[in-house]
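Listed below, chain by chain, are the residues.
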Amino acid sequence: MDAKLSPEQGLNISGIALASLLAVGLGTTAFFLDSIANRLPWQSMSLTLPLLLCAMGSGVVGFWVIPLLQALKTGQIIREDGPQAHLKKAGTPTMGGIFFIPVGVIIACILSNFATDVLAVSALTLSYGLIGWLDDWQILRRKSNKGISPRTKLALQVSFAAVFCLWLAFNQPSNITNIALPWVSFTVPLGFLFWPIAGFVLVAESNATNLTDGIDGLAAGTVAIALLALGAIVAPTAPGLMVFCAALSGGCLGFLAHNRNPARVFMGDTGSLALGGALAAVALLTNTLVALFILSGIFFVETLSVMAQVSYYKATKGPDGKGKRLFKMAPLHHHLELTGWSELQVVGVFYVIAAILAAICLA
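Each chain carries its own residue numbering, running from 1 in the written order of its sequence. Local features in this predicted model are restricted to residues of pLDDT 70 or higher, and side-chain atom pairs are both shown and tallied only at a pLDDT of 80 or more, whereas totals for entire chains, interfaces and linings draw on every residue. Excluded from the side-chain calculations are hydrogens and water; all other atoms, namely the structure's heavy atoms, are used.

In DSSP terms, a helix is any run of H or I states spanning at least four residues, a strand is any run of E spanning at least two, and both are numbered starting from the N terminus. Within the secondary structure layout, S112 lies in the loop between helix 3 (97-111) and helix 4 (116-142). Using a relative accessible area of 4% as the deciding quantity, one classes S112 as buried. Identification of polar contacts relies on pairs of N or O atoms within 3.5 Å, with a donor-acceptor requirement for protein atoms, meaning one able to donate a hydrogen and the other able to accept it, and with residues adjacent in sequence counted only if both atoms are side-chain atoms. A distance of 2.8 Å separates a polar side-chain atom of S112 from the backbone oxygen of A108. Reaching out from S112, the side chain makes a polar contact with the backbone oxygen of C109 at a distance of 3.2 Å. Buried residues are those whose accessible area, probed at 1.4 Å on protein chains only, stays under 20% of the maximum for their type, while exposed residues exceed 50% and partly exposed ones sit between those limits.

Our next topic: helix 7 (residues 218-234). Under the 1.5 Å per step criterion, the end-to-end length of helix 7 is 25 Å for 17 residues, consistent within 8% with the ideal 24 Å. Summarising burial for helix 7: 16 of the 17 residues are buried, a large majority. Take the number of residues in a helix, subtract one, and multiply by 1.5 Å to get its expected span.

So, on to the pattern of salt bridges. Any carboxyl oxygen of Asp or Glu that lies within 4 Å of a side-chain nitrogen of Lys or Arg is treated as forming a salt bridge with it. As enumerated under the stated definition, the model contains 3 salt bridges in all. Between R39 and D34 there is a salt bridge, and its shortest N-O distance comes to 2.8 Å. Residue class for D34 comes out buried when judged on its relative accessible area of 0%. The closest approach of N and O atoms between D135 and K153, which form a salt bridge, is 3.1 Å. With a gap of 18 residues between them, D135 in helix 4 and K153 in helix 5 (residues 150-171) connect regions that are remote in the sequence. Each member of the pair D135 and K153 is classed as buried.

The angle between two axes is taken between their N-to-C directions and runs from 0 to 180 degrees, where each axis is a line fitted to C-alpha atoms and a helix contributes only its stretch in contact. Close contact between helix 4 and helix 8 (residues 239-259) brings their axes to 8 Å; oriented N to C, the two are set at 35 degrees. Where helix 4 crosses over helix 8, the handedness of that crossing is right-handed. Of the residues in helix 8, those touching helix 4 at D117, V118, V121, S122 and T125 are G240, L241, F244 and L248. Ten residue types, Ala, Val, Leu, Ile, Met, Phe, Trp, Tyr, Cys and Pro, are classed as nonpolar, four, Asp, Glu, Lys and Arg, as charged, and the remainder, Gly among them, as polar. Taken together, the residues of the contact of helix 4 with helix 8 break down into 5 nonpolar, 3 polar and 1 charged. Crossing handedness: left-handed means the near helix sits turned counterclockwise from the far one by under a right angle, and right-handed means the same turn made clockwise. Contacts: residue pairs with any heavy atoms within 4.5 Å of one another.

On to the packing of aromatic side chains. Stacked, tilted and edge-to-face are the three classes assigned to paired rings of Phe, Tyr and Trp, where Trp is represented by its six-membered ring and a pair needs centres within 6.5 Å; plane angles under 30 degrees give stacked, over 60 edge-to-face, the rest tilted. In total, this model carries 7 aromatic pairs according to the counting rule given. One aromatic cluster in this structure is built from F99, F100 and F255.

Bringing the confidence of the model for the protein chain into the picture now. Known as pLDDT, the predictor's per-residue confidence is scaled from 0 to 100. Mean pLDDT over the protein chain: 90, with 93% of residues reaching 70 or higher. A low-confidence stretch, residues 1-10 (pLDDT under 50), is modelled with 17 contacts involving residues beyond four sequence positions or located in other chains.

Assignment of secondary structure puts G251 in helix 8. Classification of G251 as buried rests on a relative accessible area of 0%. Residue contacts for G251: discarding those within four places in its chain leaves C54, A55, S58 and F100.

Once that is clear, we can look at unusual backbone geometry. Following N261, the chain continues into P262 via a peptide bond in cis, with omega recorded as -5 degrees. Following the sequence through the fold, P262 ends up in the loop between helix 8 and helix 9 (268-286). The residue after A330, namely P331, is reached through a cis peptide bond having omega 5 degrees. Mapped onto the fold, P331 is located in the loop between helix 11 (297-315) and helix 12 (332-338). With a phi close to 55 degrees, F114 is a non-glycine residue in the positive phi region.

The next thing to look at is the nonpolar core. Nonpolar cores were defined as sets of buried Ala, Val, Leu, Ile, Met, Phe, Trp, Tyr and Cys residues, with membership established by side-chain atoms within 4.5 Å. Among the nonpolar cores identified, the biggest contains 102 residues, and F164, L202, F244 and L275 are the most heavily contacted of them. If one sorts the elements of this core by residue count, helix 7 sits on top with 13 residues. Look past the residues within four positions of L275 in its chain and what remains in contact with it is F100, I101, T209, V223, L227, L248, C252 and M267.

Relative to the elements of secondary structure, D216 occurs in the loop between helix 6 (194-212) and helix 7. A residue is classified by how much of its surface remains accessible, and D216, at 5% relative accessible area, is buried. A polar contact is formed between the side chain of D216 and the side chain of N261, at a distance of 3.3 Å. Look past the residues within four positions of D216 in its chain and what remains in contact with it is K89, N259, R260, N261, P262, A263, F266, E343 and V347.

Pasting the structure below:
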């Protein structure tokens, strides 16, 4: 696709149509996957029921919570050096993760009959959501883009990751440290090295998802796709976590009803950090780290674009203290915007890429 295409020349679709296509696509996929796995789509241990329940639940709750967020003056602070089209979004309520994350977690726990592994993953998800809430609250309180310090945020992420890993060590079989490679009957025994890698995955995945949350509907849609695919992958060995993934995917769809372009609410760090933590926790518990890496392709590229931008700027810094930029702006989705893509073009293309990555894993 030509990066210079105008919105009229490129993807000619509205935000609500794009969100509707995604919802229908994921609902149909869930129903199909349940059918071929001989699961009744209306039973609790399925992909379809949790997906639909949470989509409707979070969508309905949003109609009550969003006006409350507006009344509390939780308007988003927009970066002045970002795309100029985003300045009109100033004042849109943020911190939307406070309603769709709990809806997904609660319904997942109920439908899975409060399975131990679901409770553990839910606790990690809510813990990372709490970190995000603290960050969002500080941004709103200070009326700037600076929330809690990066050092404090990292310390909290590492601490919660350590607690989760400690639970894994004492409640899961010893072979959890063996990483299974897909498509070949081979495992890589990591031993003690597994634990620092596990901590890194939890922190990195949550931050990568956070970086992807910068355009209306982008993070919610791509994570919904990744979660449903991960749920289908872990279904044979961890039906409870299948329900958890489907429920959180449905929560993202319900949130998308309010977050699609033009957004009435943003998920904030409250939602994005929680979603990344949930993906990583499920993958660690089910030995599907390779699948997670593929499913997180978009989040990985978004993170790489930020790292490359910072590194290149520092490497080319001259005597005046200024360096050159590799991208017009990082993460990648902002670079695409500044080269002429519309928000809907970026979101639509990223949805297609996320779906392709999910199909590769499911294949």
